[in-house]
Amino acid sequence: MLVVRPAESRDLLALERLAATATPRLTNLPPHRDRLEERITRSQRSLRAEIDFPGDEIYCFVLEDLETQEVVGTASLRAEAGAREAYYTYRQETLIHASQQLNVRHEVQTLALSHEVSDATLLCALSLDARYRETDADSLLRRARLMFIAQYPERFASELAVAFPGYLEMRDGCQISPFWDSVGQHFFDRDFNEINQMAGIRSKSFIAEVMPPFPLYLPLLTPQARAAIGRENQRHEYAMQEMLAEGFSRSRHVDIFDAGPLLLAERERLHTFANCGWHPVRIRPAESLPDAVPAMVANQHLGGFRCVLARYALTPTGQLMLTPEQAEILGVEEGRAVLAVPMPLPAVDEGEL
Amino acid sequence: MLVVRPAESRDLLALERLAATATPRLTNLPPHRDRLEERITRSQRSLRAEIDFPGDEIYCFVLEDLETQEVVGTASLRAEAGAREAYYTYRQETLIHASQQLNVRHEVQTLALSHEVSDATLLCALSLDARYRETDADSLLRRARLMFIAQYPERFASELAVAFPGYLEMRDGCQISPFWDSVGQHFFDRDFNEINQMAGIRSKSFIAEVMPPFPLYLPLLTPQARAAIGRENQRHEYAMQEMLAEGFSRSRHVDIFDAGPLLLAERERLHTFANCGWHPVRIRPAESLPDAVPAMVANQHLGGFRCVLARYALTPTGQLMLTPEQAEILGVEEGRAVLAVPMPLPAVDEGEL
Amino acid sequence: MRIRPIARHDIEGLKVLARETGVGFTSLPDNHEFLIAKIERTLAAFEASEKSEDRLYFFVLEDDSDGSIAGCCAIEACVGSDAPFYHYRLGSLAHSSVQLNLHRTLDTLTLCSDHTGNAEVCSLFLREDWRRDRNGALLSKVRWLFMAQFREVFPNKVLAEMRGVFTPEGRSPFWECLGSHFFPMDFDEADRLTGMGQKSFIGELMPKFPIYTPFLSESARAAIGQVHEHTRPAVAMLKKEGLRWEGYVDIFDGGPTVEAYIDDVRAVRDSQLARVELIEGNAPVTDRPSIMASTLSMADFRASWISHAVTQVSEGPDEGESVVCLYRDEAERLGVSAGDSLRVLAG
Amino acid sequence: MRIRPIARHDIEGLKVLARETGVGFTSLPDNHEFLIAKIERTLAAFEASEKSEDRLYFFVLEDDSDGSIAGCCAIEACVGSDAPFYHYRLGSLAHSSVQLNLHRTLDTLTLCSDHTGNAEVCSLFLREDWRRDRNGALLSKVRWLFMAQFREVFPNKVLAEMRGVFTPEGRSPFWECLGSHFFPMDFDEADRLTGMGQKSFIGELMPKFPIYTPFLSESARAAIGQVHEHTRPAVAMLKKEGLRWEGYVDIFDGGPTVEAYIDDVRAVRDSQLARVELIEGNAPVTDRPSIMASTLSMADFRASWISHAVTQVSEGPDEGESVVCLYRDEAERLGVSAGDSLRVLAG
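Residues numbered from 1 in each chain as written. Chains lettered and ligands numbered in written order. Predicted model: local features only at pLDDT ≥ 70, side-chain atom pairs only at ≥ 80, totals over all residues. Heavy atoms only, no water.

Some thoughts on the interface of chain C and chain A
Part 1 of the reasoning: On the side of chain A, 32 residues touch chain C, which itself brings 33 residues to the contact.
Part 2 of the reasoning: Regarding the contact of chain C and chain A, the summed buried area is about 2700 Å², with carbon and sulfur atoms giving 68% of it.
Part 3 of the reasoning: Sorting the residues of chain C by area buried against chain A places C:L100, C:F209 and C:F215 first, and these three jointly supply 27% of that buried surface.
Part 4 of the reasoning: Ionic pairing is found between C:R104 and A:D189, a salt bridge with its closest N-O pair at 3.8 Å.
Part 5 of the reasoning: Summed over the shared surface of chain C and chain A, the number is 10 residue pairs in polar contact (both at pLDDT 80 or more).
Part 6 of the reasoning: Counting only elements with at least two residues in the side of chain C that touches chain A, the list comes to β4 (87-97), β5 (102-112), α4 (173-182), α6 (200-205) and β8 (211-212) of chain C.
Part 7 of the reasoning: Of the residues belonging to the side of chain C that touches chain A, the class tally is 21 nonpolar, 8 polar and 4 charged. (Contact = heavy atoms within 4.5 Å. Buried area = accessible area lost by both parts, 1.4 Å probe. Salt bridge = Lys/Arg side-chain N within 4 Å of Asp/Glu carboxyl O. Polar contact = N/O pair within 3.5 Å; in protein donor to acceptor, adjacent residues only side chain to side chain. Helix = DSSP H or I, 4+ residues; strand = E, 2+ residues; numbered from the N terminus. Nonpolar A, V, L, I, M, F, W, Y, C, P; charged D, E, K, R; others polar.)

Let's talk about the packing of helix α1 (residues 11-21) of chain D against helix α2 (residues 32-47) of chain D
Residue and element names in this part refer to chain D.
Part 1 of the reasoning: At a minimum axis distance of 10 Å, the contact between α1 and α2 shows a crossing angle of 120°. In terms of orientation, α1 lies oblique with respect to α2. With respect to the hand of their crossing, α1 and α2 are arranged in right-handed fashion. On the side of α1, the interface is formed by I11, L14, K15 and A18, while α2 contributes H32, L35, I36 and I39. (Axes fitted to C-alpha atoms, helices over the stretch in contact; angles between N-to-C directions. Parallel < 35°, antiparallel > 145°, perpendicular 65-115°, else oblique. Left-handed = near helix turned anticlockwise from the far one by under 90°.)

Notes on the domain arrangement of chain C
All names here are of chain C.
Part 1 of the reasoning: Domain boundaries assigned for chain C yield domain 1 (2-91 + 109-267) and domain 2 (271-346).
Part 2 of the reasoning: Placing a centre on the C-alpha atoms of domain 1 and another on those of domain 2 gives a separation of 30 Å.
Part 3 of the reasoning: The partner domain 2 presents 24 residues to the 24 residues of domain 1 that form the contact.
Part 4 of the reasoning: Across the contact surface, domain 1 and domain 2 share 1 salt bridge.
Part 5 of the reasoning: Taking the shortest distance from any N to any O, the salt bridge between D64 and R333 comes out at 2.5 Å.
Part 6 of the reasoning: Across the contact surface, domain 1 and domain 2 share 7 residue pairs in polar contact (both at pLDDT 80 or more).
Part 7 of the reasoning: Contributing elements (two or more residues each) for the side of domain 1 that touches domain 2: β1 (2-5), α2 (32-47), β2 (56-63), α3 (135-149) and α9 (266-270).
Part 8 of the reasoning: A per-element tally of the side of domain 1 that touches domain 2 places α3 first, with 9 residues.
Part 9 of the reasoning: Classifying every residue of the side of domain 1 that touches domain 2 by side-chain character gives 15 nonpolar, 2 polar and 7 charged. (Domains from an automatic or database assignment.)

A look at the interface of chain B and chain A
Part 1 of the reasoning: Contacts between the two partners involve 15 residues from chain B and, on the opposite side, 16 residues from chain A.
Part 2 of the reasoning: Summing both sides of the interface, chain B and chain A together bury roughly 1500 Å²; the carbon and sulfur share of this comes to 40%.
Part 3 of the reasoning: Counting across the interface, chain B meets chain A through 4 salt bridges.
Part 4 of the reasoning: Of the charged contacts in the structure, one is a salt bridge between B:R105 and A:E209, with a shortest N-O distance of 3.2 Å.
Part 5 of the reasoning: The tally of links from chain B across to chain A stands at 6 residue pairs in polar contact (both at pLDDT 80 or more).
Part 6 of the reasoning: In terms of residue class, the side of chain B that touches chain A is made up of 6 nonpolar, 3 polar and 6 charged.

Brief notes about the packing of aromatic side chains
Part 1 of the reasoning: Inspection of the entire model under this criterion finds 68 aromatic pairs over all chains.
Part 2 of the reasoning: Residues B:F214 and C:F209 carry aromatic rings whose centres are separated by 5.4 Å and whose planes lie at 90° to one another, so their mutual orientation is edge-to-face. Of this pair, B:F214 sits in the loop between α7 (204-208) and β10 (216-217) while C:F209 sits in the loop between α6 and β8, which puts the two residues in different chains. Neither B:F214 nor C:F209 differs from the other in exposure class; each is buried.
Part 3 of the reasoning: Within the aromatic cluster, the residues linked to one another by ring pairs are A:F214, B:F187, B:F214, C:F209, D:F209, D:Y212 and D:F215.
Part 4 of the reasoning: When the ring centre of B:F257 is taken as reference, the NZ or CZ atom of B:K204 above it lies at 4.7 Å.
Part 5 of the reasoning: The cationic tip of D:R244 hangs over the ring face of C:Y261; the distance from NZ or CZ to the ring centre is 3.4 Å. (Phe/Tyr/Trp six-rings, centres within 6.5 Å; stacked < 30°, edge-to-face > 60°. Buried < 20%, exposed > 50% of the residue type's maximum accessible area, 1.4 Å probe, protein only. Lys NZ or Arg CZ within 6 Å of the ring centre and 35° of its normal.)

What follows is the structure in C-alpha cells.
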C-alpha cells in the first residue's frame, strides 16, 4: 500500500536521500540537512496555522510504501510561489521591428525577466525513488497535491504552476545546461551545477535580481541554448505528459537557469478538480470489491492528510467502497466522506503546439 | 423600435456624422469619408466570406431607430485586433529593484510597450447619438455584438477586448490628455488631437512602432499623467460599468496615447454567453405578451443579422413570444429559433480593485 | 594638382569616380540624381551666409595639366540633422553582488545617436592613376586646413567612419553575428541604403536593448572597432592627427569611428597664416611634397602642395612676420599673387 | 609647505581633516577604521613592485614649519576594480520616421560603468587656515606631476568627479527628480554609502533602462553636468589642464565627471626634468608661487613650490641641458642635493 502524507521530522533522512538522488538535482530540493529540516518544520507550521488566503506556506509531502515502511518519494506545494521573494522566470516574447521605410516587419524573439508567476501556487520539489518511476506511485505522488488543494482552496491561488527541470547535455561526463552555458554563464562565470547549488542554499530570486534586466535576443544565443528553451529534462518527459493530460498548458515562461518549461493552469480547469467528488465510505472486504478504474482517495484531515490509491468502486447510491485496510490508512469509518477522483487522464494532443 | 444590423453603403453619411460627434473623438472611428466607406465595404466582404478562424475581418454595425428610420449609433468588431498590424498597448508592470547589500526591496512601476493583446477580438468604434445615451439603446448597441459573436464563434477569438477612451482634461477650451502630454508629446512633439487624427488616418501601430521600446518609469511621469492611467473618459463611465457587469475585467493594459483602460474577458465567462439560449419563436399580439424582463433577441442570418430589444417572455415549454412587428424586423416566422438573453446584468463590486 | 570645391560642370568627372569606387564605398553611388544633389548641396553650403545645418563641403582633386578629376573628399558640417545618424557604442556595465562574491564588468553595445551635430570627414577617393606624389595625403589633410580656416562654421567635434573587418571572401563577421538577424536583407543592400542617406530604417530594425558582447561570436567580438586592412593607412593618418577611437562602431560592420575635438586636431592647431612672396621659375618636381597651402576665401578655396615652408622675416620693418615663398606655377595653381595670404601646414 | 605620501603617523592629522570636511565630502568620513584602511592602501601602493589593481596614492600637504597636516589629495590608480563604479551617461538617440515627418534626437541618461579601469584624482581638501599662497593649486597639480613621473603605473585615462548643483537649502534637484524614486533613503545617506565604497547597491536599485531627459523636471535637467558653485574654481583648474566633460554625470546629484587622456593633460605634457643647482640663501617669500617641482623616487616622493623656472645651459660641455636653481630651504624641503634631478612644471 502506498500513501501520500505530510512530511514529519522522522522523514528527514529519507528526504535527504531523495534530494541527493533527484535526477537532475533540483534547485528547490537541495540535499542540505538544515534546509530540509527547516522545510519540514515550516510545512508542519503551515498545516497547523489558520489560513484564509495563500501566503508563504510550504506543504511538504512524502510518499510512503507501507509494506516496507519506507519513504520513497517527496513533493511540495508553495502556496504562493513568490510570497517571500519574487519568483522569477524568463518570459518568451516577440518584439516587432517594423520599418515603414522599407515596408518590412521583422519579428525578433526575446526572453524577458519576469516575476508575474509570483502569485501562483507552485507544485515543486518532487523526487521519487527510481524503482517507482513511471508507475502509479509516480502519479499518486504528483497528483495527490491536487487533492489537497481541492480540499483547502482558500490556502492556494487559483492559478497553479509547475516547473520542470530543463534539458541537460552530457559533456565530459558532466550534466551541463546548454542554456546556462549560453546565458547565465556570461554573467556569473560559474557553471550550472555551482549556481544551482548556490541557488538551493541562498535563493534563486536573489540570483535573478543580479541578472541584467534587459531582454535577451534569442538569435544571439547558441543554437543549443535556443533548442533547450521550454524543453523538459529527458527524465521528466513522462511527468510532463501527465501534467499536460491533467490540464496544465505550456506557458511563455521558462526557468531562468536551464530554460525548463513552466506549465500553468487555472485550477478549476484541471481534470482532478473537475472530476473529484465527495463520497461516503462503505467498508467492504477486499475480495468483494467490484472491478473499477483506479482512483485517488483522500481523507478530510488537514494535518493528518492521507491520499491513497484505490478502486473507483461506487455503489449505485454513490458510496465509495474501500477495503478495511484502506479505510484504516485514511483513518475513516463507514459513513465518513472521502474525496475521490478516477486516475485515468484524457489523451493529450500537443500536435498543434 | 430599435434594431442593430450590419452597416450598409447607404449608412455612410450617418456614420460620418456619428464619427464627427463621438465624444471624445475615437482613433478607430475617424470622421474621414474614404476610411468609413472602406470600413463598410470591408464589413460587407467579411460577412460574405467563409471564415474558419479569425483574421483581419471587421464587422461594422449600426443602430437604427425604425420609427424615425434614422441611424443613431454604430459599433464595430475587429475579429483579431492585430491581424493586419500589431495591436499595441502599454502594459503596467512592476520591476523589483532589490539590494541585497542594503536588504531592501523596492518596487518600481513601469509601462512597457506590448502587443500581446493582438490576438484578441476587439469591440471598438462605438458612437451613439447623444439623445440615446445611457438608455437601453446604448446597451443594445454595445452588447448586440456579443450576440453576433455567440452565433459565429469560429469567426472570433476566445479572448475579447474592449478599449475605453482615456481621461481628458479641459485646458484653454481644449480637451487634452494629461497622459499624452507627459509621455507621447516628448517623442512626437505633436498634441493629442493631432496625433489622434494622424493615427485614425494612418494607423496607430505605425506610430507605436516609432515609440521607444524601453519601459517608462512611472515615477517620472507627471502626477496628472499617473492619475490618468487606466482611467476611463468621463463620458464613458456608464459604458465601462456595463462592461464590467457583463463580465469583462480590468487588465494591466492601457491605451498608448491616452492610457484609457483595456478590459479583457474570456468570452465564455461573459454574462451574455453564459445566459443566452435558442428559443423557437411564437408570434403573439403585443397586448397578449406577458410582462417580463427585457431581452436582446437576434436572428440567425449572418449577412442579415438583426438584434432587437424585446421581452424575455417564455412559454412554459421555452418558446419566446414576439410581437408580429418584432418577428418581422428579425425576419423570422413561428417555429424559427432565435437567440435571446435577458438584459439585466449582475451588480459589480469593484471595491477590491 | 589642386583641390577646389566641386562645381556643376564636374558631374561627368564625378560619375567616373562613382563608377570606379565600386562596392563598399557607399557614399558615392553611381546614381545621377544622387550625385547632382551632392553638388547642389555643396554649392549651397559654399554660398550660405548662415550656418544652416545640412551643409556638405565636397572637394575635387583636379589635375591642372588637363583639368581631369583625379579624386575627391568631403566634410559633412553637421551629421544627423537631415537623417538620423546611428552608431553602436561599446560601453561597460558593472555587474556585482557582494553576497555572491561577484564583480564583473561586462562590455555592452548600445544603439545611440551621440554624434548628432558633429562634423564628419568622408568620401575620400583617389583614382588609381593618381595614387602617387602624396595626392592621397593632400585629399585627406585639405579638410583640416579648411576647418582651421573656417572654424566658425563647424561644431566642436569631428569624426571619421572607418570600414570594418571583412574576410577575404568579403563577409563581415560582425554583420553575420548581429545585423543579419535583424535586417531582412544582405549586407550590401543595407550598406547601400545607408549610403543613399536612408538611415531611419536602422533605428526601426536594429536591436535597441543593450547587447552584451559575450553573446557575440568570437570573430564578431574581434571585429569590434577593428578596421579593414585596406583602411589601415587611412586610419593611421587620422590617428596621427589626433583622432581616437572612443568606442563608437558602425552598426553593420563594427568598424571604428574615430573622432577628435576639431581644435585638438594637429593640423588645425599647427597650420599658420603666411604672406605670399613670389619667386621666379616653376617648382621643382618632387614625389614627396611636404608643405600644404590653402587660400583664405571660401568661394575661391584652393589647396595644393607647395615647395617652401613658412619662414619668419628676421629683420627690417616686418620682423617676425610669417612669409611663404611660392614659385610662379604654385601661385597660379592657388590663384594668389604676392602679398596675399595663405594657410600653410608642414607635414 | 610640501606634499608627501601619507604615513601611518599621520592618522591623527587625517582625522582632523576628516572632521573638518563635513557633509558633502564623502570620500573622507570621520571613521577610524576607514581612514586607517586608506593609509594602509597607500602604503601598499607605494611599496608595490607590481601594478596591482586596487592602488591608492594618498598625499598630505605638510606645513614644514611645524609638521602639521594642512590638506590632502589622492589618486585612485584604477577605479572599479574593487567595487563597481557607476555613472549616468548623457547620450542621445535619434527618433525618426520619414512617413510621420518626424526627426528628433532625444537626450538619454543611461547607467554605465564605462570608466572602470581609469585613474581618478580625488579627495582634495585644504584646511581653512592654509587657503592662501596657492596651496590649493599645489595639491591639485601635484597629482599631474606624480602621474607624469610614474606614467607606467597609470592607465590611459584619468577622471575627476565634480559635485553637482544644490539649492541654497542643500537640496539636489537631480536627486529629487530621479534618485529619490529609486533609493529608499535620503541623499546624504546614499552619498555616505558610496563614500564608504559600498557601491553595489547603485547597480541594484538604479533604473537600468534609459531615462529620456525630457521626462525629468526642468530643474533636474538643468542640473545635468552642472557643478556646485563652490566647485567652480576646482573644475576651472581641471579644465585648464585639458580635462573635459564628455557626458558622464554622478548617479545622485548629476554633477559632471571630467576626464582626459593622461598624456594629453597639459601639466603631464609640459613638465620636464631638470638637474638641481643650489644657490645660497633661502627663498624669498611670495604669495603667488608659479613653479612646482617634485622628486623622482616614488618612495620618497616630495613636491613643493620653488622660486626659479628651468633654464637651459647656454654654453660649455653641458650646453642645452636643463637646470633648475634651488635655494637651500627649497632643496631641504624636497630632500634633494645639487646634481639630483627634479620634475618641474611652470604655471
